[in-house]
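These are the residues of each chain, in order.
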Amino acid sequence: MRFAILFAAAAAVLLCQPAAASYPCGIYARIDKVELGPDETKPQWMKIYGDFILVKTSGRMSEPERGFMYFSLVEGKEDLCRLEWADLKAMARPGAFDKNCVAFGSAHAEREDKLARDGFSPNVQRGGTGTDVAVIPYPLNQGLSRLRTSTPEESDRKESPNPAVLLKKYLAANPVSQK
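Parameters and conventions
Within any chain, residue numbers begin from 1 and follow the written order of that chain's sequence. The predicted nature of this model means local features are confined to residues of pLDDT at least 70 and side-chain atom pairs, given and counted, to a pLDDT of 80 or more, with totals for whole chains, interfaces and linings taken over all residues. To get the side-chain values, all heavy atoms of the structure are used, and hydrogens and water are removed first. The helix and strand labels rest on DSSP assignments: H or I over at least four residues marks a helix, E over at least two residues marks a strand, and numbering proceeds from the N terminus. Residue burial is assigned from relative accessible area. The probe radius is 1.4 Å, only protein chains are included, and a residue is buried under 20% of its type maximum, exposed over 50%, and partly exposed in between. Should any heavy atoms of two residues lie within 4.5 Å, those residues are counted as being in contact. Here a polar contact is taken to be a pair of N or O atoms separated by no more than 3.5 Å, where protein atoms must pair a possible hydrogen donor with a possible acceptor and residues adjacent in sequence count only if both atoms sit in side chains. Criterion used throughout: strands pair if DSSP finds at least two bridges between them.

**Looking at unusual backbone geometry**
(1) Moving on: Residue Gly-37 is joined to Pro-38 through a cis peptide bond whose omega torsion reads -5°.
(2) Moving on: Relative to the helices and strands, Pro-38 is located in the loop between strand S1 (27–37) and strand S2 (45–54).

Structure, rendered in structure tokens:
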């Protein structure tokens, strides 16, 4: 009897905990291109080009923006970074929206204010080569999650907008030039 009461109390405590933010991933991206360097077989950095939505630690999403993000390896987790980078590179297919949308990073990761535009998130670079851009340690927190882009679940509710829908709308309004 005591075990049942303890179990019920523990279950009630666990069920009554406040929910985590709606968006545990910190970066939603539609990928055009991925550069690895200086050596592609054992890269030290990655530049990922495309459209991005960044999630702030408050759970608010930024507006979609086009550009690139520049990441370095995480010390002690180099192999894991390279595995994820290879997966991201394989997803980079211009014109294949349903195949190249992904979520990664964490909205709840520690932040480095000196690297952020607003003190809450990494920055999407809009131009240049990146030589003058601070390299941000790659966020390994959540792994990679491909976004659903063509199923009925992609509802676009005002109170909880779907990042894939937002990226699709942004791409429609801002087509990628085919240079």
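**Structural notes on helix H3 (residues 163–173)**
(1) Moving on: Along H3, the residues classified as buried are Pro-163, Ala-164, Val-165, Leu-167 and Tyr-170.
(2) Moving on: At its buried positions, H3 is contacted by S1, S2 and strand S3 (65–72).
(3) Moving on: With a side-chain oxygen lying 2.8 Å from the backbone nitrogen of Ala-164, the N-terminal cap of H3 falls on Asn-162.

**Structural notes on the pairing of S3**
Two faces, one strand: in a regular strand the side chains alternate between the faces of the sheet.
(1) Moving on: Buried residues dominate S3, accounting for seven of its eight residues.
(2) Moving on: Across two bridges, S3 lies against strand S5 (residues 136–137) in parallel orientation. Its bridge partner lying in S5, Phe-71 is registered against Ile-136.

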